[in-house]
Amino acid sequence: MNKVAYNDAYLVDKAKSLVPKLKERAKETEEIRRIPEATINELKEAGLFKLLRPQIYGGYQTSMRTYSDVIVEISRGCASTGWILSLCAIRELMVAESFTEKTHQEIYGENEDNVLFAGVYEPRKCIARKVEGGYLIEDGFWMFCSGSLHATWGYFGMAIRDDEGNLVDQALMTLPFEELEIMDDWHVMGLKGTGSNSVKMTNVFIPDHRVVSFAEVLNGQFKSDHLRDIPLYNTALFPALALSLALPGLGLAKAALEFFQVTLPNRKAAHIGVENLVDSPTLHSLLADAALKIDTASMHYYRVADELDAWAASGNFMDKPARVKALADIGYANQVSKEALDILILASGSGYVYEGHPLQRIFRDFWTLYSHRTLSPLITKENYGRVLSGLESNALRY
């Protein structure tokens, strides 16, 4: 058993130290449509992919709060890198909670330092049938598989149906990534460097011990009996997954504000009665609004992280109303982050339209993240409003 010594400040400092290099590589990361191997190696050397991995498998077994701090810092440097780290690291939590010790030994047993997860829950197509000892995935197709170009193990969702074709359960499976085919189809507007390609399975066998009910996992019926005494692995999974999708957006908003402040002293004004933009009262008001909205987003995101940690430490699984509220916090924070970025773009002027301008990349990356349905301000607020009204959430998963 490999115990890893660490403290939270060390992990966050390691993330901060990588920001300058990530900024330097941001253009290259977009152009090659994947995370450069130099960046992947630096993240591995810093141990950041293992933030939420159990210590018995060489991980740091830290908290959602520390995880959040690290993801925001990395995303300040490069949103594509922040996105990949965020999703690959949160999958450590998903796999740790969802699967049995037998499965964990299979995943980590040979070379735990080489393990990196990628996966997608929602399939675009998945034809599976029960066979002796497991399931045969005859034909499966999943889009948006972030981390696919670097992963060694994957997790994927599939529908379990009876002989008449009726839906029995939604399942989660895990398998070595070498058993999948990766498509080269990530040609997109933003988060270009994530390499979030589609993946295919054809006649792949998944043994029973590597298939669990996703519905049970989302309600805290975890299969990892050997980790039940560790508070982190009592964390409510769906709010944690939603938070992982949102946190890079906070890093982007912070990066936009920092860029604006750094370049402001050299900006000339036009048609607003002052020579230098830094002397504009209108600019002062806009900048304050943007900064306060970013602060508001931070408070909501970190409240979710702290709530997840507090519930996990309490020994009680986060109840449904609290989970719906957490998703509303995330959706609202996503909304005000967008409002802050809109203000900064407006205050910046039209120079950002030039290719290679840092604000343009931030804008495109944020809009790609913002549109994720899990982070929808409208959907998450509607469901929270239903709960406040004494009704059930309309969400299928929370």
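The structure displayed is predicted, hence computed values, not measured ones. (Residues numbered from 1 in each chain as written. Predicted model: local features only at pLDDT ≥ 70, side-chain atom pairs only at ≥ 80, totals over all residues. Heavy atoms only, no water.)

## What to know about the overall build of the chain
The test is simple: Under the scheme used here, helices are H or I runs from DSSP no shorter than 4 residues and strands are E runs no shorter than 2 residues, and both carry numbers assigned from the N terminus. The globule rule is 2.2 Å times the number of residues to the power 0.38, and the radius of gyration it is compared with is taken over C-alpha atoms. For every residue, the accessible area (1.4 Å probe, protein chains only) is compared with the maximum for its type, and the residue is labelled buried under 20%, exposed over 50%, or partly exposed between those bounds. Contacts are residue-level and defined by heavy atoms, with any inter-residue pair within 4.5 Å sufficient. Every accessible area reported is derived by Shrake-Rupley at a probe size of 1.4 Å, with residue values counting cover from the shown protein chains alone. Charged residues are defined narrowly, with Lys and Arg counted positive, Asp and Glu counted negative, and His plus the chain ends left uncounted. Positions of charges follow a simple convention, taking NZ of Lys, CZ of Arg, CG of Asp or CD of Glu.
From N to C terminus, the chain includes eleven helices and eight strands. The C-alpha atoms of the chain give 22 Å as radius of gyration, which agrees with the globular expectation for 398 residues (21 Å, within 12%). The dimensions of the chain, computed from C-alpha atoms along their principal axes, are 80 × 50 × 45 Å. The buried share of the chain, taken over its 398 residues, is 55%. Taking the contacts inside the chain whose residues are at least 6 apart along the sequence as the reference set, 73% of them involve residues at least 24 apart. Accessible surface, the chain as shown: approximately 17,200 Å² in total, 51% of it carbon and sulfur. Distance from the positive charge centre (41 side chains) to the negative charge centre (51 side chains) of the chain: 4 Å.

## Let's talk about the pattern of salt bridges
The test is simple: When a carboxyl oxygen of Asp or Glu is within 4 Å of a side-chain nitrogen of Lys or Arg, the pair counts as a salt bridge.
If you walk through the whole model with that rule in mind, you get 23 salt bridges. Between Glu42 and Lys21 there is a salt bridge; the shortest N-O distance is 3.5 Å. Pair noted here: Glu42 is in helix α2 (residues 37-45) and Lys21 is in helix α1 (residues 8-32), with a separation of 21 residues, a long-range link. The buried category is assigned to Glu42, whose relative accessible area is 15%.

## As for helix α7 (residues 237-263)
The criterion, for reference: A helix is expected to span 1.5 Å multiplied by its residue count minus one. Bend is the name given here to the angle between axes fitted to two runs of seven residues, the run ending at a residue and the run starting at it.
The terminal C-alpha atoms of α7 lie 40 Å apart, and with 27 residues this matches the ideal 39 Å at 1.5 Å per residue to within 8%. Helix geometry: α7 is bent most strongly at Leu245, by close to 30°, with proline Pro248 lying one to four residues after it. With 21 of 27 residues buried, α7 is to be regarded as a mostly interior element.

## Thoughts on the packing of aromatic side chains
Spelled out, the test is: Here a Phe, Tyr or Trp ring, Trp counted by its six-membered ring, pairs with any other such ring whose centre lies within 6.5 Å, and the pair is stacked when the planes are under 30 degrees apart, edge-to-face when over 60, and tilted otherwise.
With the rule as written, the count across this model stands at eleven aromatic pairs. Aromatic pair Trp142 and Phe156: ring centres 5.1 Å apart, planes at 55°, arrangement tilted. Of this pair, Trp142 sits in strand β3 (residues 134-142) while Phe156 sits in strand β4 (residues 153-161), and the two are 14 residues apart along the sequence. Each member of the pair, Trp142 as well as Phe156, is classed as buried. Seen in terms of ring centroids, Trp367 and Tyr370 are 5.3 Å apart; in terms of plane orientation they differ by 70°. Their pairing is edge-to-face.

## With respect to the sheet that holds strand β8 (residues 211-213)
In plain terms, the rule: Pairing between strands is defined by DSSP: at least two bridges between them are needed. Interaxial angles span 0 to 180 degrees and are taken between N-to-C directions of axes, which are lines fitted to C-alpha atoms, for helices over the stretch in contact.
Judged by pairing direction, the sheet is mixed, and its four strands sit side by side in the order β1-β4-β5-β8 without closing on themselves. Each of the sheet's edge strands pairs with one partner strand only, and the pair in question is β1 (117-120) and β8. Neighbour to neighbour, the strand axes of the sheet diverge by 30° on average, direction disregarded. As paired strands, β4 and strand β5 (residues 167-176) are joined by nine bridges and run antiparallel to one another. Bridged to Gly157 within β5 is Leu172.

## Remarks on the sheet that holds strand β6 (residues 181-182)
Strands belonging to one sheet form pairs held by backbone hydrogen bonds; the direction of such a pair is parallel or antiparallel. Strand order in the open sheet made by the four strands is β2-β3-β7-β6, with antiparallel pairing throughout. The open sheet has two edge strands, β2 (125-131) and β6, and neither has a second partner.

## Considering helix α9 (residues 320-348)
Relative to the 42 Å expected for 29 residues at 1.5 Å per residue, α9 spans 42 Å between its end C-alpha atoms, a close match to the ideal helical length. Counting buried positions along α9 yields 22 of 29 residues, so the element is predominantly enclosed. Once α9 ends, the next one or two residues include Gly349, with phi positive near 95°.

## Here we look at the pairing of β5
Hairpin connection of β4 to β5: five residues between the antiparallel strands, including Gly165 at a positive phi of 85°. The pairing of β5 with β8 spans three bridges and is classified as antiparallel. If you follow Ala171 over to β8, its bridge partner there is Ser213.

## Looking at the pairing of strand β7 (residues 199-207)
Two elements, β3 and β7, share eight bridges in a ladder whose sense is antiparallel. Within β7, the position partnered with Gly140 by the bridge is Met201. Alignment of β6 against β7, held across two bridges, turns out to be antiparallel. Its bridge partner being in β7, Glu181 is matched across the sheet by Lys200.

## Some words on the nonpolar core
Selection criterion: Residues grouped as a nonpolar core are buried Ala, Val, Leu, Ile, Met, Phe, Trp, Tyr and Cys residues, joined through side-chain atoms within 4.5 Å.
Formed by 107 residues in total, the largest nonpolar core has its most connected members in Leu48 and Met64. Looking at this core element by element, the count peaks at 16 residues for α7. Apart from the residues within four sequence positions on either side, Met64 is in contact with Leu52, Ile90, Leu93, Thr235, Ala240, Leu243, Ala305, Leu308 and Asp309. Ala151, Ile160, Ala171 and Val204 belong to the second largest nonpolar core, which has 20 residues in total.

## Things to note about the state of the cysteines
Inclusion rule: Sulfur atoms of two cysteines make up a disulfide when they are within 2.5 Å.
Under the definition given, this model contains zero disulfides. With no disulfide of its own, Cys78 has Cys88 as its nearest cysteine by sulfur position, at a separation of 13 Å. Here Cys126 stays free of any disulfide, with the sulfur of Cys145 as its closest cysteine sulfur at 14 Å. For Cys126, a relative accessible area of 21% corresponds to the partly exposed category.

## Looking at unusual backbone geometry
One non-glycine residue with positive phi stands out, namely Gln61, at about 50°. Within the fold, Gln61 resides in the loop between α2 and α3 (64-77). Of note, Asn203 is a non-glycine position whose phi angle comes to about 55°, a positive value. You can see Asn203 is positioned in strand β7. The exposed category is assigned to Asn203, whose relative accessible area is 53%.

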